[in-house]
Amino acid sequence: MMCDVGLPCVYDPGQCTAPVTVKPRLFTIMLLHCWQREYDKRPYRKFQFRRLDFEERIGRRYHCIRDFRIIVNFLLRRSLLEVSIWSVVVSNWDAKLLQEFALSLIRVWKIELKLMQLPTEFFVMLRLNAAKMEVVELSLEGTPLSDQNVRMLREFLLVNKTLRTLNVSHCSLTQYNFALIADGVHKSGVRSLNASRLLGLKLSLDTEKMVSIIGSLLMQNHLVVLTLQHCEFTAQDMQPISEYLYRSKCALRELNLASNLIAADGTLFLMRGIAQGGSLELLDISCNSIGTHGGEWIAMYLSSCRMLQHLYLNYNDIGESGINLILLTIKKESKMKRLNLYGNSFDARSAMIVRRLLDAEVLFHEEIDISYTYDEALQDYRIVPWR
């Protein structure tokens with residue numbers, strides 16, 4: 001047996017006193033008020049609660065009924081613009097508490113329920129209050145959605161008139177129930193959709209079916225921002241998206257397809273569509289294995305992409321020649337506000353081109369994620385990351 005000091009008892013081990021247990025702090029509305037002053041500035045209208053921070057501060061595990069009642073009472077007493085709650089289990093055991101939680105969100109503009117466990121009853125109550133809710137941005141990132149939850153969420157989208165941004169990424173959406181979300185988005189006023197990490201259940205994701213739905217959604221909707229990361233999309237899947245980018249009435253301004261499998265051919269479809277349409281302002285195709293050939297396609301069409309201001313190409317296996325071609329297309333006056341290239345291959349010529357761009361102020365350090373330095377061992381310039 002060991003004592004508190006870490007040494008074995010020399011005398012009577014039975015006389016060793018047990019360590020004094022520290023009584024956890026009482027969780028009250030007043031304590032919650034004090035925490036919000038740390039997160040926000042007056043008038044304290046941005047509420048946030050994270051379960052891990054709570055358990056670390058209080059010194060005990062979170063209770064899904066008793067502690068959640070304190071949170072709901074706080075929300076009911078305050079006039080809030082934003083509510084952000086992470087990693088909380090919401091029980092359907094107390095129906096009145098669940099109803100009060102839904103009522104507390106009616107006047108909130110931004111709702112973030114991340115990594116939550118929400119019962120179907122919550123989405124039913126959300127649907128019942130949809131016409132009265134003033135929410136503009138709703139994020140359910142990392143919160144699993146069952147088929148019933150998806151149906152209720154679709155009905156909420158059909159009734160609510162204020163929602164403009166919807167985030168259902170990593171919500172266990174499948175190729176079967178995603179169509180319901182897409183239908184709700186199409187018939188609503190949503191302008192920004194994040195549906196990253198779609199699943200195929202036991203089968204691999206049917207990307208052809210998914211892109212067909214997305215293509216129809218783009219053609220019939222006015223989405224401005226679309227994010228589809230980790231969806232296993234291939235080069236051929238880019239054709240319906242590029243066809244929409246060709247349109248002169250294309251409303252899309254930001255397209256995020258990071259961590260897919262579009263390769264060089266998919267890059268060609270996208271860049272050709274952007275150059276023809278000329279309306280896209282942000283393109284993120286990081287981690288897509290586009291290779292040097294894909295880099296060459298980007299260099300060929302980049303100067304024709306009149307509105308493109310943010311381009312993210314990190315970790316794409318682009319060789320030195322492809323990177324150099326991309327850098328050489330950037331001329332003064334540059335329209336580029338952000339260019340990310342780190343994670344690809346560079347040589348001494350890449351460093352020299354970056355040096356000329358930065359020294360001539362064609363690009364500024366805050367607009368590119370790489371820089372240059374002189375390496376005495378190599379007796380030449382080389383590329384270094386710039387964060």
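Note that the structure is a prediction, hence the values are computed from the model and not measured.

Calculation notes
- All residue numbers refer to position in the chain's written sequence, counted from 1.
- For a predicted model such as this one, the threshold for reporting local features is a pLDDT of at least 70, and the threshold for listing and counting side-chain atom pairs is 80 or more; totals across whole chains, interfaces and linings nevertheless cover every residue.
- Values reported for side chains reflect all heavy atoms of the structure, with hydrogen atoms and water molecules removed beforehand.
- The patches described consist of residues with a relative accessible area above 30% and no salt bridge, like charges being joined within 9 Å and nonpolar side chains (Val, Leu, Ile, Met, Phe, Trp, Tyr) within 5 Å.
- Accessible surface is estimated by sampling points in the Shrake-Rupley manner with a 1.4 Å probe; for residues, cover comes only from the protein chains shown.
- For this document, the term salt bridge refers to a Lys or Arg side-chain nitrogen within 4 Å of an Asp or Glu carboxyl oxygen.
- Each helix is a run of DSSP H or I of at least 4 residues and each strand a run of E of at least 2, with the numbering of both proceeding from the N terminus.
- Exposure classes here rest on a 1.4 Å probe applied to the protein chains alone. A residue is buried below 20% of its type maximum, exposed above 50%, and partly exposed in between.
- One bridge is not enough; two strands pair if DSSP finds at least two bridges between them.
- In this analysis an axis means a line fitted to C-alpha atoms, helices contributing only their contacting stretch, and an angle means the value between N-to-C directions, from 0 to 180 degrees.
- Contact between two residues is taken to exist if any of their heavy atoms lie within 4.5 Å; hydrogens are not considered.
- Two aromatic rings from Phe, Tyr or Trp, using only the six-membered ring of Trp, form a pair when their centres are within 6.5 Å; if the ring planes differ by under 30 degrees the pair is stacked, by over 60 it is edge-to-face, and anything between is tilted.
- In this analysis the charged atom, NZ for Lys or CZ for Arg, is taken to sit over a ring once it is within 6 Å of the ring centre and within 35 degrees of the ring normal.
- Roughly parallel refers to an angle under 35 degrees, roughly antiparallel to one over 145, roughly perpendicular to one between 65 and 115, and oblique to any angle outside these ranges.
- Each helix crossing is assigned a hand: it is left-handed if the near helix lies turned anticlockwise from the far helix by less than a right angle, otherwise right-handed if that turn is clockwise.
- Side-chain classes follow a simple rule in which Ala, Val, Leu, Ile, Met, Phe, Trp, Tyr, Cys and Pro form the nonpolar group, Asp, Glu, Lys and Arg form the charged group, and the remainder, Gly included, forms the polar group.

**Q** Now, about a nonpolar patch on the surface: what can you tell me, with residues and values included?
**A** A cluster of nonpolar side chains, namely Tyr-176, Leu-201 and Leu-203, defines an oily patch on the protein surface of about 350 Å² accessible area. By the secondary structure assignment, Leu-201 is in the loop between strand 6 (192–194) and helix 8 (207–220). Accessibility expressed as a relative area gives 58% for Leu-201, which makes it exposed.

**Q** Quick one: what's the story with the sheet that holds strand 7 (residues 225–227), residue by residue and with numbers?
**A** Taking strand neighbours across the sheet as the criterion, the 11 strands line up as 1-2-3-4-5-6-7-8-9-10-11 in an open arrangement whose pairing is parallel. Every interior strand has two partners, whereas the edge strands, strand 1 (46–50) and strand 11 (338–340), have only one. For this sheet the average axis-to-axis angle between neighbouring strands, irrespective of direction, equals 5°. Bridging between strand 2 (residues 82–86) and strand 3 (residues 110–114) involves five bridges; their strand directions are parallel. Counted as the bridge partner of Trp-86 is Lys-114 from strand 3. Here helix 3 (residues 66–77) sits on the sheet and contacts strand 1 and strand 2; the angle it forms with strand 1, its principal contact strand, is near 175°.

**Q** Break down the packing of aromatic side chains for me, with residues and values.
**A** Two numbers describe a pair of aromatic rings. These are the distance of the centres and the angle of the planes. For the coordinates displayed, the defined rule picks out 14 aromatic pairs. Here the aromatic rings of Tyr-315 and Tyr-342 are separated by 6.3 Å at their centres, their planes lie at 90°, and the arrangement is edge-to-face. In this pair, Tyr-315 is assigned in the loop between strand 10 (310–312) and helix 12 (320–328) and Tyr-342 in the loop between strand 11 and helix 13 (348–359), connecting sequence segments 27 residues apart. On the basis of relative accessible area, Tyr-342 is assigned to the partly exposed category, the value being 26%. Their ring planes at 70° and their centres at 5.8 Å tell us that Tyr-372 and Tyr-381 sit as a pair that is edge-to-face. With relative accessibility at 24%, the residue Tyr-372 sits in the partly exposed group. A connected cluster of aromatic rings, assembled from ring pairs, spans Phe-27, Trp-35, Phe-49, Phe-54 and Tyr-62. Cation over ring: Arg-50 sits above Trp-86, and NZ or CZ is 3.8 Å from the ring centre.

**Q** Got a sec to walk through the packing of helix 1 (residues 29–39) against helix 2 (residues 51–58)? Specific residues and values, please.
**A** Two numbers describe a pair of packed helices, the interaxial angle and the distance between the axes. One way to put it is that helix 1 packs onto helix 2 with a least axis distance of 13 Å and a crossing angle of 120°. Between helix 1 and helix 2, the angle is such that the two are oblique. As helix 1 runs across helix 2, the sense of the crossing is right-handed. Contact residues: helix 1 offers Leu-31, Trp-35, Glu-38 and Tyr-39, while helix 2 offers Phe-54, Arg-57 and Ile-58. For the contact of helix 1 with helix 2, the residue count by class is five nonpolar, no polar and two charged.

**Q** Could you give an account of the environment of Thr-234, with specific residues and numbers?
**A** For Thr-234, the location among the structural elements is in the loop between strand 7 and helix 9 (238–246). A residue is classified by how much of its surface remains accessible, and Thr-234, at 31% relative accessible area, is partly exposed. For the pair Thr-234 and Ile-58, spaced 176 residues apart in the sequence, the C-alpha separation amounts to 48 Å. With sequence-adjacent residues up to four places away left out, Thr-234 is seen in contact with Leu-261 and Ile-262.

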